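# Structure assessment
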Amino acid sequence: MVETRGWVELVTREQIPNDRSDSMADMKSKLATLVNGREFANGESNVEITLRQMNLYYGTFQALKDINLDIPARQIAAIIGPSGSGKSSLLRSINRMNEVMHKSRIEGEVLIKGMDIYSPDVDVVELRKRVGMVFQRPNPFPQSIYENVAYGPKIHGIRGRAHLDEIVEASLKRAALWDEVRDKLHRPALELSGGQQQRLCIARVLAVGPEIILMDEPASALDPISTLKIEELMHELSKEYTVVIVTHNMQQAARVSDWTAVLMVNENKSGELVEFDKTQKIFTRPKDRRTEDYITGRLG
């Protein structure tokens, strides 16, 4: 057994303040009802992501090899590993975003609540509503704050102004942004700071009622104070959503995640899963020497 003692205690989640007074469960229930008219049909307790012998190819290049992974519901799972190990590719496989960015091919299974999301009869638009994505750099639309959040619900057929107003308010509250923007909803979103823009993008994802939230380096372009707010928000959201993040920041992974997946590059330059376990165990008692070398900076 590899021992890496003392490191994780420096970066535990308890360092992140949590003074929210609103009930996350009440707000989630309200938002789900506003967006969908009902709670999720399959319930929330069984939300789960499963990968079985998943292989990802870009043309003839194999980016990921034989990935087997089970991500529990309402937890934060971090994906870490050296550059080029396929972290973002793995993340994008969970809502088929690779199909947008690259000529890609998947072998094996990617399941959400037991449903194969690569089945020909899966509605990709509905899938991406159910599995939202937040990118590395904030990408608000060149519209007002209000229109950024209302955009998704409008695309999915919600038209009533009062209904949209409720969704926008509830989503901004969930993203811990409402108090900062409530008096300037019709101002351009691009006037917001970088950290505010990223929380706006999270509100935009929440507005369509997802079950899973994917985050690709969501704080890498932000200052330390904005990063702390995003980490606190991730922790709060994980009480009601399954959250999967990619991060190069080992301290961030240790602070915010419940589970950690470690990817490494094999001799063919493909990403492989070295281990997946509770985050505390990964950072204090990793099973694989490569994991210890990576998190201690000897491999990177």
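The present account deals with the structure reproduced in this document. Model, not experiment: these values are computed from the prediction.

## Considerations on the overall build of the protein
- When its secondary structure is counted, the protein shows 12 helices and 10 strands.
- Relative to its full complement of 300 residues, the protein shows a buried share of 55%.
- Once local pairs closer than 6 in sequence are excluded, the contacts in the protein between residues at least 24 apart make up 72%.
- As displayed, the protein offers around 13300 Å² of accessible surface, 47% of which is attributable to carbon and sulfur atoms.

## Regarding the packing of aromatic side chains
- By the definition in use, this model includes two aromatic pairs.
- Ring geometry for Phe-141 against Tyr-151: centres 4.9 Å apart, planes inclined by 65°, an arrangement best described as edge-to-face. Here the residue Phe-141 occupies a position in the loop between β6 (131-134) and α5 (145-155), and Tyr-151 occupies one in helix α5, the gap between them amounting to 10 residues.
- Judged by centre distance (5.5 Å) and plane angle (20°), the rings of Trp-259 and Phe-276 are stacked. Here the residue Trp-259 occupies a position in strand β9 (residues 259-265), and Phe-276 occupies one in strand β10 (residues 271-278), the gap between them amounting to 17 residues.

## Comments concerning the side chain of Asn-55
- Secondary-structure assignment places Asn-55 in strand β1 (residues 49-58).
- A polar contact of 2.8 Å, which involves the side chain of Asn-55, links it to the backbone nitrogen of Asp-66.
- The contacts of Asn-55, once residues within four sequence positions are left out, are Gln-62, Leu-64, Lys-65, Asp-66, Arg-105, Ile-106 and Glu-107.

## Points about the pattern of salt bridges
- Inspection of the entire model under this criterion finds 17 salt bridges.
- Residue Lys-65 pairs with Asp-66 through a salt bridge whose shortest N-O separation is 3.6 Å.
- Two residues, Asp-288 and Arg-290, come together in a salt bridge whose shortest N-O distance is 2.9 Å.
- You can call Arg-290 partly exposed: its relative accessible area is 40%.
- Through salt bridges with shared partners, a single network forms among Lys-113, Arg-130 and Glu-211.

## Thoughts on the packing of α5 against helix α6 (residues 161-174)
- Relative to each other, α5 and α6 sit at 115°, their axes nearing to 9 Å. Seen along the crossing, α5 lies across α6 with a hand that is right-handed. Residues Tyr-146, Val-149, Ala-150, Pro-153 and Lys-154 of α5 touch α6, and the partners they reach there are Arg-161, Leu-164, Asp-165, Ile-167, Val-168, Ser-171 and Leu-172.
- The residue inventory of the contact of α5 with α6, partitioned by class, reads eight nonpolar, one polar and three charged.

## Remarks on the nonpolar core
- One finds Leu-172, Ile-202 and Met-215 to be the most contacted residues of the largest nonpolar core, which totals 48 residues.
- Of all the elements, helix α8 (residues 194-206) adds the most residues to this core, at five residues.

## Section: α6
- Spanning 14 residues, α6 covers 20 Å between terminal C-alpha atoms, matching the ideal 20 Å at 1.5 Å per step.
- Taken together, the buried positions of α6 are occupied by Leu-164, Ile-167, Val-168, Ala-170, Ser-171, Leu-172 and Arg-174.
- Two residues or fewer after α6 comes Ala-176, characterised by a positive phi angle close to 55°.

## Comments concerning the pairing of β10
- For β9 and β10, the ladder comprises seven bridges, and the chain directions are antiparallel. Considered in β10, the bridge of Met-264 is made with Glu-272.
- Here β9 folds back onto β10, and the loop between the two strands holds five residues, one of which, Lys-269, carries a positive phi near 70°.

## As for the environment of Gly-81
- Here Gly-81 lies in the loop between β3 (76-80) and α2 (87-93).
- Classification of Gly-81 as buried rests on a relative accessible area of 0%.
- C-alpha of Gly-81 to C-alpha of Ile-295: the two residues are 214 residues apart in sequence and 8.7 Å apart in space.
- With residues up to four places along the chain from it excluded, the contact list for Gly-81 reads Lys-87, His-248, Leu-263 and Tyr-294.

What counts as what
- Residues numbered from 1 in each chain as written.
- Predicted model: local features only at pLDDT ≥ 70, side-chain atom pairs only at ≥ 80, totals over all residues.
- Heavy atoms only, no water.
- Helix = DSSP H or I, 4+ residues; strand = E, 2+ residues; numbered from the N terminus.
- Buried < 20%, exposed > 50% of the residue type's maximum accessible area, 1.4 Å probe, protein only.
- Contact = heavy atoms within 4.5 Å.
- Areas by Shrake-Rupley, 256 points an atom, 1.4 Å probe, with all protein chains shown as cover.
- Phe/Tyr/Trp six-rings, centres within 6.5 Å; stacked < 30°, edge-to-face > 60°.
- Polar contact = N/O pair within 3.5 Å; in protein donor to acceptor, adjacent residues only side chain to side chain.
- Salt bridge = Lys/Arg side-chain N within 4 Å of Asp/Glu carboxyl O.
- Axes fitted to C-alpha atoms, helices over the stretch in contact; angles between N-to-C directions.
- Left-handed = near helix turned anticlockwise from the far one by under 90°.
- Nonpolar A, V, L, I, M, F, W, Y, C, P; charged D, E, K, R; others polar.
- Core = buried A, V, L, I, M, F, W, Y, C linked by side-chain atoms within 4.5 Å.
- Expected span 1.5 Å × (residues − 1).
- Pairing = 2+ DSSP bridges.

Any functional reading would require information beyond the geometric quantities listed.
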